[in-house]
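# Breakdown of the fold
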Amino acid sequence: MLHIDKSRSKQPQILALAIQDMRRTPGQTVCYDNLPSYVTVRGRSLSVRDELLKALIEDQRGLCAYCMRRIEPRNAHIEHYIPRHCDWYQGKRTLDELSVDYRNMLAVCKENGTCDATRGNAELTVDPRNQSDIEQIRYNTKAEILSDNTAIDSDCRGLLNLNDGFLVYGRMQTLQGLYRWYQHESRRAGDMKSKCRKRLDELQNGTGHNDPYAGILIYRLERKIRALS
Ligand SMILES: [Zn+2]
């Protein structure tokens, strides 16, 4: 899992227009289920849900919010972090309000059995929008995900099933790629710590598509930099 900084992401214009549409319709509740299918933007009729999903994927640099696999619109969908319908939420805002809040939406893969596939409307403790939650996630040498925080650990390994064999394999391949990069760079000129810092910065703050499973790379690079200090 990676930190998704929602404070930086802007609500797409299409969502603002869709909300306006719903407000103008007498007797209609403003909520995700009532989103109009299409909205006209600069003379073009665009699918609201498709455009929202594309914007989310872009904000997440092309990776699933939970498992960090590469996603595209055809193999992803919109997940509401606070579900649209649930009986445990006790915040100030209504579920209808949250259902159309861009900051409550995440782009998530459609794979069977991982991420939100079995979550339903269950409550999650781990929140990719919180940096402090991400900092409590660890990866062992087998590339399995874990946390000393039992609630986060249970979400990652249980509810989200992030140690599914396919994901562990993907993360291990990514890790081995990093080790090869260390070997390659150590034979070339330049300070290893600076090179690691540059790569870490690109993973955390870069633009465009990120490396799949970037979270394990960040985790390992931070430790490598500390070891080189
Ligand atoms: Zn996923």
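You'll find the structure just up there.
Anyway, here's the lowdown on the structure attached to this text. (Residues numbered from 1 in each chain as written. Predicted model: local features only at pLDDT ≥ 70, side-chain atom pairs only at ≥ 80, totals over all residues. Heavy atoms only, no water.)

Tracing the sequence through the fold places Ser9 in the segment before helix H1 (13-24). Among the polar contacts made by the side chain of Ser9, one reaches the main-chain carbonyl oxygen of Lys6 at a distance of 3.1 Å. Aside from chain neighbours lying at most four places away, what touches Ser9 is Asp59 and Tyr102. (Helix = DSSP H or I, 4+ residues; strand = E, 2+ residues; numbered from the N terminus. Polar contact = N/O pair within 3.5 Å; in protein donor to acceptor, adjacent residues only side chain to side chain. Contact = heavy atoms within 4.5 Å.)

It is worth spelling out the packing of helix H7 (residues 192-205) against helix H8 (residues 214-228) at this point. Direction vectors running N to C along H7 and H8 enclose 150°, while the axes themselves pass 9 Å from each other. Between H7 and H8, the crossing angle belongs to the class labelled roughly antiparallel. In terms of crossing hand, the pair formed by H7 and H8 is left-handed. In this structure, H7 uses Met192, Lys193, Cys196, Arg197, Arg199, Leu200, Leu203 and Gln204 to contact H8, whose residues at the interface are Ala214, Leu217, Ile218, Leu221, Glu222, Lys224, Ile225 and Leu228. Residue composition of the contact of H7 with H8, by class: 10 nonpolar, one polar and five charged. (Axes fitted to C-alpha atoms, helices over the stretch in contact; angles between N-to-C directions. Parallel < 35°, antiparallel > 145°, perpendicular 65-115°, else oblique. Left-handed = near helix turned anticlockwise from the far one by under 90°. Nonpolar A, V, L, I, M, F, W, Y, C, P; charged D, E, K, R; others polar.)

All right, on to the coordination of the zinc ion then. Distances from the zinc ion to its protein donors, namely Cys64 (SG), Cys67 (SG), Cys109 (SG) and Cys115 (SG), fall within the range 2.2 to 2.4 Å. Coordination at the zinc ion is tetrahedral: its four donor atoms span angles of 105 to 116° at the metal. In primary sequence terms, the donor set of the zinc ion follows C-x2-C-x41-C-x5-C. Taken together, the residues span a long stretch of sequence, with Cys64 in the loop between helix H2 (48-59) and strand S3 (76-80) and Cys109 in strand S4 (residues 105-109) at a distance of 45 residues. Note on accessibility: Cys64 and Cys109 belong to one class, buried. (Donors = N, O, S within 2.8 Å, 3.2 Å for Na, K, Ca; no water. Tetrahedral: all angles 85-135°; square planar, octahedral: opposite > 155°, others 65-115°. Buried < 20%, exposed > 50% of the residue type's maximum accessible area, 1.4 Å probe, protein only.)

Relative to the elements of secondary structure, Asp127 occurs in the loop between S4 and helix H4 (131-134). At a separation of 2.9 Å, a polar atom in the side chain of Asp127 contacts the main-chain amide nitrogen of Arg129.

On to the packing of helix H6 (residues 165-186) against H7. The description of two helices packed together rests on the angle between their axes and the distance between the axes. Two elements in contact, H6 and H7, have axes whose closest approach is 10 Å; the angle formed by their N-to-C orientations is 140°. Here H7 runs oblique to H6, going by the angle between their axes. The two elements H6 and H7 meet at a crossing, and its hand is right-handed. Across the interface between the two elements, Leu178, Trp181, Tyr182, Glu185 and Ser186 of H6 pack against Met192, Lys195, Cys196 and Arg199 of H7. Residues that form the contact of H6 with H7 fall into these classes: five nonpolar, one polar and three charged.

At Met68, a residue that is not glycine, the phi angle is positive and equals roughly 70°. Position of Met68 relative to the elements: it lies in the loop between H2 and S3. Although it is not a glycine, Tyr213 adopts a positive phi angle of roughly 60°. Of note, Tyr213 is situated in the loop between H7 and H8.

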